Amino acid sequence: MFTAAAVMVLAGLLGGVPAFAAGEGAPPVPGAAAREAAAPQGDPYALPPVVVTADKRETDVQKTPMSITVLTSQDIEDGNIHSIDDVLRRIPGLQVGRLLGGASVMTFRGMPSATGTNVNPLIIYIDGVPADTMINLDANLMDIERVEVLRGAQSVIYGKNTLGGIINIITRKPDNTFTGKAFTRAESSGSYVAGASVGGPIRDDELYFSLSAMHDYSRGFMDNRHSDDKDDGRKERVKGQLRATPAPGTDFALHFDYTQSRKDMSPYSLGAPYSKTSEAGPSDFEDSDTFNTALTGKVEFAPLTFETVTTVRFERQDYAFDMNNVMPGFFMSDGGRKVDRSEVTQEFRLRSPDDKEGVAWLAGLYGGYTDLNMKNIDLKYQQIGPLRPYLNQPYREFAQDLAPFGQLEIPLGDEFTLTTGLRWHYTQKRASISYEPNADLQAMTGATPMHTRESDAWDELLPRVNLRWQPTDEHMLYGGVSRSFIPGGYNYAATKNVKLTYAEETAWNYELGAKTSWFGNRLVVNPVLYYIELEDLQVMSWDPAAGVYLADNAGKATSYGAELDITWRILPNLDAEFSAGYTHAKYDEYSKVDATGTAVYDDKWIPNTPRLSGMAALQYRHESGFFARGELHYSDRLYWDDANTYSRNDVLTVDMRIGYEMDAFDVYLYGRNLFNERYQQLFSSPMKLGFNGQPQTFGLEVVYRF
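What this report covers is the structure whose coordinates are included nearby.

Conventions we followed
Residue numbers run consecutively from 1 along every chain, following the written order of its sequence. Since the coordinates come from a predicted model, pLDDT governs what is reported: local features require at least 70, and pairs of side-chain atoms require 80 or more to be given and counted, while whole-chain, interface and lining totals use all residues. Side-chain metrics rest on all non-hydrogen atoms present in the structure, leaving aside hydrogens and water. Secondary structure follows DSSP: runs of H or I at least 4 residues long count as helices, runs of E at least 2 residues long count as strands, and numbering of each begins at the N terminus. Per-residue accessibility, obtained with a 1.4 Å probe over protein chains only, is compared with the maximum for each type, and a residue is labelled buried under 20%, exposed over 50%, and partly exposed between these values. Pairs of residues are marked as contacts when any of their non-hydrogen atoms sit within 4.5 Å. To be clear on the numbers: accessible area is Shrake-Rupley with a 1.4 Å probe, and residue cover counts the displayed protein chains and nothing else. Ring pairs shown here join Phe, Tyr and Trp side chains whose ring centres sit within 6.5 Å, with only the six-membered ring taken for Trp; geometry is labelled stacked below 30 degrees between planes, edge-to-face above 60, and tilted in between. Salt bridge criterion: a side-chain nitrogen from Lys or Arg within 4 Å of a carboxyl oxygen from Asp or Glu. Exposure above 30% relative accessible area and no salt bridge define the residues that can form patches, which grow by joining like charges within 9 Å and nonpolar side chains of Val, Leu, Ile, Met, Phe, Trp and Tyr within 5 Å. Here, strands pair whenever DSSP counts at least two bridges between them. Geometry is summarised by axes, namely lines fitted to C-alpha atoms with helices restricted to the contacting stretch, and by angles between N-to-C directions that run from 0 to 180 degrees. We call two N or O atoms a polar contact when they sit within 3.5 Å, provided that within protein one can donate a hydrogen and the other can accept it, with sequence-adjacent residues counted only if both atoms are side-chain atoms. For the charge count, each Lys or Arg is scored as positive and each Asp or Glu as negative, with His and the chain ends excluded. A single reference atom marks each charge: NZ on Lys, CZ on Arg, CG on Asp, CD on Glu. Buried Ala, Val, Leu, Ile, Met, Phe, Trp, Tyr and Cys residues that are joined via side-chain atoms within 4.5 Å together make up what is termed a nonpolar core.

What follows concerns the overall build of the chain. Counting its secondary structure elements, the chain contains seven helices and 44 strands. Within the span of the chain, comprising 706 residues, buried residues form 57% of the whole. In the chain, the proportion of contacts linking residues at least 24 apart, taken out of those at least 6 apart, comes to 66%. Carbon and sulfur atoms make up 58% of the accessible area of the chain, which totals about 27,500 Å².

Below, the discussion takes up the packing of aromatic side chains. Here the structure, examined in full by the defined rule, presents 17 aromatic pairs. A ring pair is formed by Trp424 and Tyr426, whose centres lie 5.9 Å apart and whose planes are at 25°; its orientation type is stacked. Ring centres of Tyr590 and Tyr601 lie 5.2 Å apart, and the angle between their planes is 45°; this geometry places the pair in the tilted category. Residue Tyr590 is located in the loop between β33 (574-589) and β34 (591-594), and its partner Tyr601 is located in the loop between β35 (597-600) and β36 (612-621); the two are separated by 11 residues in the primary sequence. You'll find Tyr590 and Tyr601 in the same group, each marked buried. Through a chain of ring-to-ring contacts, the aromatic side chains of Tyr510, Tyr531 and Tyr560 assemble into a single cluster.

On to the pattern of salt bridges. Pairing between side chains becomes possible if they bear opposite charge and their charged atoms approach one another. Scanning all chains against the criterion turns up 49 salt bridges. Linking Arg705 and Glu77 is a salt bridge whose minimum nitrogen-to-oxygen distance equals 2.5 Å. Of the two residues, Arg705 sits in strand β44 (residues 697-705) while Glu77 sits in helix α3 (residues 73-78), which places them 628 residues apart along the sequence. Residue classification places Glu77 among the buried residues on the basis of a relative accessible area of 15%. The salt bridge involving Glu563 is made with Arg151; its shortest N-O contact spans 3.1 Å.

Okay, a nonpolar patch on the surface next. Side chains of Phe178, Phe626, Ile658, Tyr660, Met662, Phe665, Val667, Leu669, Leu700, Tyr704 and Phe706 sit close together on the surface and give an oily, nonpolar patch of about 940 Å² of accessible area. Taken together, the elements giving at least two residues each to the nonpolar patch come down to β40 (651-661), β41 (665-672) and β44. When residues of the nonpolar patch are assigned to their parent elements, the largest contribution, three residues, is made by β41. Inspection of the secondary structure puts Tyr660 in strand β40. The partly exposed category is assigned to Tyr660, whose relative accessible area is 39%.

On to the sheet that holds strand β17 (residues 268-270). Read from one edge of the open sheet, three strands run β17-β43-β42, paired in antiparallel fashion. The sheet is open, and its two edges are formed by β17 and β42 (680-684), each paired on a single side. On average, each strand axis in the sheet is inclined to that of its neighbour by 25°, with strand direction left out of account. In this structure, β42 lies alongside strand β43 (residues 689-692), joined through four bridges in antiparallel fashion. The residue bridging Ser684 from the neighbouring strand is Leu689, located in β43.

Below, the discussion takes up unusual backbone geometry. Unusually for a residue other than glycine, Asn80 sits at a positive phi of about 55°. Residue Asn80 is classed as buried on the basis of its relative accessible area, which comes to 6%. The phi torsion at Asp143 lies on the positive side, around 60°, for a residue other than glycine. Of note, Asp143 is situated in the loop between β8 (129-131) and β9 (144-151).

What follows is about the sheet that holds strand β3 (residues 67-72). Ordered in space as β3-β9-β10-β7-β8, the five strands form an open sheet in which the pairing is mixed. At either end of the open sheet lies a strand with only one pairing partner, and these are β3 and β8. Neighbouring strand axes in the sheet, compared pairwise and without regard to direction, differ in orientation by 20° on average. Across six bridges, β3 lies against β9 in antiparallel orientation. From the neighbouring strand, Thr72 faces β9, where its bridge partner is Arg146.

Our next topic: the side chain of Thr583. Within the fold, Thr583 resides in strand β33. Taking relative accessible area as the criterion, Thr583 reaches 1% and is therefore assigned buried. A polar atom in the side chain of Thr583 sits 3.0 Å from the side chain of Tyr530.

A contiguous patch of negative charge on the surface is contributed by Glu533, Glu535, Asp536, Asp588, Glu589 and Asp602. Among the elements that make up the negative patch, the one with the highest residue count is strand β31 (residues 523-543) (three residues). When you line up the elements, Asp536 lands in strand β31.

Summarising the sheet, strand β16 (residues 250-263) and strand β19 (residues 285-300) pair through 14 bridges and their orientation is antiparallel. Bridging across to β19, Phe252 finds its partner in Gly297. Pairing analysis gives 16 bridges linking β19 to strand β20 (residues 305-322), with the strands arranged antiparallel. The residue of β20 that forms the bridge with Phe291 is Phe314. Between β19 and β20, which pair antiparallel one after the other, the connecting turn spans four residues.

On to the side chain of Gln154. Along the polypeptide, Gln154 turns up in the loop between β9 and α5 (155-158). Owing to a relative accessible area of 7%, Gln154 belongs among the buried residues under this scheme. Each residue touching Gln154, except ones within four places of it in the same chain, is listed here: Met66, Gly159, Thr162, Gly165 and Ile166.

Time to look at the environment of Asn161. Structurally, Asn161 is set in the loop between α5 and β10 (165-171). Overall, the relative accessible area of 2% leaves Asn161 in the buried class. Separated by 325 residues in sequence, Asn161 and Ile486 place their C-alpha atoms 4.8 Å apart. Those residues in contact with Asn161 that lie beyond four places of it in its chain are Val119, Asn120, Pro121, Ile123, Asp132, Phe485, Ile486 and Pro487.

Attention now moves to the environment of Ser104. Locating Ser104 in the fold gives a position in strand β5 (residues 104-108). For the pair Ser104 and Leu137, spaced 33 residues apart in sequence, the C-alpha separation works out to 6.3 Å. If near-sequence neighbours (up to four positions away) are discounted, Ser104 is found in contact with Gly97, Arg98, Ser113, Asn120, Met134 and Leu137. Within the structure, Ser104 has its side chain in polar contact with the side chain of Asn120 (distance 3.0 Å).

Among the nonpolar cores identified, the biggest contains 36 residues, and Val52, Ile68, Leu150, Leu534, Leu537 and Tyr587 are the most heavily contacted of them. If you list the elements that add at least two residues to this core, you get β3, β7 (122-126), α5, β22 (360-381), β24 (395-412), β31, β32 (548-571) and β33. For this core, the element with the most residues is β31, which contributes five residues. When residues no more than four places from it in sequence are discounted, the contact partners of Leu150 are Ala54, Met66, Ser67, Ile68, Leu122, Tyr158, Gly164, Gly165 and Ile166.

Have a look at this one:
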């Protein structure tokens, strides 16, 4: 829990400093144009307003009836946020871990990743490009305007898979002002980063550009038992935008974003206790490539606004690992996977203008096409005499999506607003599933090849109703109900003796919250309660008879909890932040039958779900240029498996960042996990693999703006 001692530690780290002011509302640093523009022109004690586009229109976050975490560009810089993982650790009720191959596993508000469908409960949108897959949970955070985390189901506006919410990453729009930035970081581990971004006009008032690039070398922290290798990694990022405003009321943009990632091995060890000794083999590797592009357009007419978003996403995953070190009793030598995935989407929207009084409306049509090609799921066994057994399980899936949707916001008098929306989402999947043991493996085990083609479709009506009561500009109470779903699918690592399909997952989501500001917007307090009924929860479980992970449906589960977000401007230069969540998530009905018998998990805690979690921060920015920020991050005890046999104790980490900000240069010193808390961010109970969290790290960052 957030202990008094921990709070005293954070206060001590900022000892002697009057306090901190977060982001855009801080007094300006002389000569720093960006911070001068962000500084409030009125009451220095008032927190600045924040505009979001949660419902595909611009609204004040405090007047938007949903739970939202917003990080502005200044928040991202002040919070030392360099990766999507840094964003995720600020969301209460969220637990994230990385598996072999770099795939992510996530649980939010008690809703786990649907690993069979490769979908997380929080879906990332990068300038309109949906990244609704576990394969490459990554995002380029250079030149960002803001990140919006919409907590709670968003199915009417954003469609399938958004059971827990979305993370909307919005790149800064280039304009008539030329801007540039160069930065570099070096860390105590030997890691370093260098990057730059530029943007501005090509033709004033009509055509603009932005371009950014970065090289990121990460020095690993694991000691390898079998070689001198470490879990080193390298990332190359390039990002750009071409924007045109050829006439008043028009705005078109072409976005592109490419990331190449190369990693020597996963930071895993054997057993639940924390260990810095890795079992990875010398030939282990994790490679991935991701390319996103989006063409967006907006045309404002007098009675309505037309918007279009066309997106294309390509991603590749290629990894291998030495299974003899991981699973010695299975006589396996190597394993791995090669995956290519491409997705094309198109969305058209018509809506009422942002400044329209009275009824606000939105209507749209969404279509998508996905090609998932798992070229190899390799398992190589140890040579036994003349036999060289080998298994491959290639899988190919084509998915098509179609969804019309609409939403109305209807004023009911001066204080009440009713929001109602509906989406019909249709998904069709065609799959080719193969099980290909070579002749030696067939001779050893009696396994026989299998190849089958499957086709099925799922559709769901997804309603939403929300009632908002706004008695004053400073206080709002809202409540709502919505339905969400994840389509069903196929077990891509199937054999003849296992179930090929699993059903769709659905949920009813109930939420009651408040948005309040006090003392002239000096203090913002936003509580929320939620209750979620999950049907046919998609889970991944180990089948010991088949020796593979298989997707299945847990009959029913219930999750309920509370979240609280507080921002307090204590002094004009000093801000405090607090965000915490409580989650109670258990299976109501879930039993699994395999060759070893029947396992019943009724009333068991859903794995990877901390009951208490959150963060607290203090930040100070002085007119002279001095800056300091400290953060606490906490996660309660959680279970790793359905049977609640394996668990992790609570984890508390402390981060710190201090610096001096000048006209064009900024210099910062920072530390992560200052007291070197040793913990595992994920544990795989069948293979007894533990994946470690980041150890103590210190760094230096230099920023130059022009």
